[in-house]
Every structure is written in structure tokens, then in C-alpha cells.
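One-letter residues, chain by chain:
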Amino acid sequence: MKRTLLYSPAFRALLLLLVAAPAFWACNTETAYMKSIREQTEAYKVIDNDTIQSYIRRNGYQNTVQTTSTGLSIVPLAQGPATGLAVTAGRQVRVKYIGRFLNNSYNKVLFPANGIFVNSTENSSVCGCFIFTAGVTSYYGAGFSEGLLTMREGDRKLLLVPSRLAFGPTGQSNAAGNGYIIPPNAVLSFDIEVLNVL
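Residues numbered from 1 in each chain as written. Predicted model: local features only at pLDDT ≥ 70, side-chain atom pairs only at ≥ 80, totals over all residues. Heavy atoms only, no water.

Colleague: Describe in detail unusual backbone geometry, supporting the description with residues and values.
Modeller: Leave glycine aside and you will find that most residues have negative phi; peptide bonds, for their part, are mostly trans. Its identity is not glycine, yet Ser124 carries a phi of approximately 65°, on the positive side. Mapped onto the elements, Ser124 comes out in the loop between strand S4 (116-119) and strand S5 (130-133). For Asn185, which is not glycine, the phi torsion reads 60° and is therefore positive. Secondary-structure assignment places Asn185 in the loop between strand S8 (180-182) and strand S9 (187-197). (Helix = DSSP H or I, 4+ residues; strand = E, 2+ residues; numbered from the N terminus.)

Here's what the structure looks like:
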């Protein structure tokens, strides 16, 4: 009788259920931290979109802006020659750029709206530029990389980057780890000019 019970389909099903149950419970578990990050990201989608749309209206870009499915807004400022090489994933690209804060809710004194946080012309290179590998998430986040892939040699575009495509809720800490270079949930803009596709 004992031996028959151990090999019965009902016993094996019960044993399997007992072993697998914790795995099923784990599949649907969202930690409190994960939930707060998800909720914060959803809230900032609305805030970021409002910030970007206000900037577009204030600067008269309504007729020229293109918004991607990710929420990145791109404003063409100058178009390069049609013969210019397109930026493609994996290619080295020499660019000039200026990064600014559109807004932040962290500290408006340290990080004022329209304040410059990076300027490639100040990097001591002869060209005042920087070389990136296109298609690789850059130091400046997914929005910068996505926008770069829409360009060709000679193009100049303004990228309006929602916080989730930049540094999100964590921001970018300074080297000492006691403050920020980019505050959490900051909406950024990048004025980018592609000098060469290498």
C-alpha cells in the first residue's frame, strides 16, 4: 500500500504542486520598492510630457517637432547635405553638443532650468567635440542615443529627453557620491550637431 501511494499520479501531482508553488507565488510578486519606482515613473511620464510640451510651445517648435514612440521629442535645427553619411548603429560619430536642464524637482538653485550641465566645446579637444559609438546607450542615456541615430553628417537637432530616457529616478551622482551631476527625474535637452560619421 505504501509503495502504491508513492507512485500514484495523485501523490506525484501533490508533490509537484508543493515544490512548484513558491515559484508561482514569486512570479506575481512586486516588491514595495519596485512598485514605488513603477508608480513614480508613471507619474513622471505625465510631468515630463507637460514640461516638454510647454517648452515646445514657448519656443514655437509645434510645427517642426517629431516625437518618437518612446517619448523623445526631436526638433530639426539644421539639415546636413543629402549626401552626408547617416548615423548607424556601431559607427563612430564625432559630435558637438550642449546639454541643458529643462526642469527638475530636486533643487532649482543648483540645477536651474536651461542651465548647462555639459558642453563639448569645453572638453579641451581641438574640434570642441566628442566621439560616440552610435547605437550604444551613451553616458547621457537612451534618449541621447536614440536621437543620434536619427541624424546624418551636418545635421543639427534639439533632443528633448524625458527623465526616463535620461537618468530617471536615480539621477547621476557626482564622483564623491555625496551629490548629483544630474538630479533625479530631470528632463534634459541636447543641442547636437553631427560633424562626421567615421
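Colleague: Which residues make up the state of the cysteines, and what are the values?
Modeller: Evaluated as defined, the whole model comprises 1 disulfide. There is a disulfide in this structure between Cys127 and Cys129, and the S-S distance comes to 1.6 Å. Linking Cys127 and Cys129, the disulfide has an S-S dihedral of approximately -70° and is accordingly described as left-handed. With a relative accessible area of 4%, Cys129 lands in the buried category. (Disulfide = S-S within 2.5 Å. Buried < 20%, exposed > 50% of the residue type's maximum accessible area, 1.4 Å probe, protein only.)

Colleague: I'd love a proper account of the pattern of salt bridges, names of residues and values included.
Modeller: Following the criterion strictly, the structure yields 4 salt bridges and no others. The partner of Glu30 in a salt bridge is Arg38, and the shortest N-O contact between them spans 2.9 Å. For Lys45, the salt bridge goes to Glu42, with nearest N and O atoms at 3.5 Å. Residue Lys45 and its partner Glu42 are both found in helix H3 (residues 32-58); the two are separated by 3 residues, about one turn of the helix. Owing to a relative accessible area of 33%, Lys45 belongs among the partly exposed residues under this scheme. (Salt bridge = Lys/Arg side-chain N within 4 Å of Asp/Glu carboxyl O.)

Colleague: Just give me the short version of the nonpolar core, but keep the residues and values in it.
Modeller: As a rule of thumb, nonpolar side chains are buried together in soluble globular proteins. Ranked by size, the top nonpolar core spans 28 residues in total, and within it Leu148, Leu188, Phe190 and Ile192 carry the most contacts. Breaking this core down by element, the ones donating at least two residues are strand S3 (92-103), S4, helix H4 (142-148), strand S6 (156-161) and S9. Ranked by the residues each element gives to this core, the list is headed by S9, at 5 residues. Ile192 has contacts with Val95, Lys96, Tyr97, Phe144, Leu148, Met151, Asp155, Arg156, Lys157 and Leu159, leaving out every residue within four places of it along the chain. Within the second largest apolar cluster, 9 residues are counted, among which are Ile52, Tyr61, Leu158 and Val187. (Core = buried A, V, L, I, M, F, W, Y, C linked by side-chain atoms within 4.5 Å. Contact = heavy atoms within 4.5 Å.)

Colleague: Before we move on, can you summarise the packing of aromatic side chains with the specific residues and values?
Modeller: Applying the stated rule across the entire model yields 13 aromatic pairs. Seen from their ring centres, Phe130 and Phe132 are 4.9 Å apart, and the 55° between their planes marks the pair as tilted. Here Tyr140 and Phe144 contribute two aromatic rings whose centre-to-centre distance is 5.5 Å and whose plane-to-plane angle is 50°, an arrangement assigned as tilted. In this pair, the class of Tyr140 matches that of Phe144, namely buried. Taken together, Tyr97, Phe101, Phe117, Phe130, Phe132, Tyr140, Phe144 and Phe190 form an aromatic cluster joined through their ring pairs. (Phe/Tyr/Trp six-rings, centres within 6.5 Å; stacked < 30°, edge-to-face > 60°.)

Colleague: Please provide a residue-by-residue account of the environment of Thr83, values included.
Modeller: Relative to the helices and strands, Thr83 is located in the loop between strand S2 (73-78) and S3. In this structure the C-alpha to C-alpha distance between Thr83 and Arg152, which are 69 residues apart in sequence, comes to 9.0 Å.

Read these as geometric descriptors, not functional statements.
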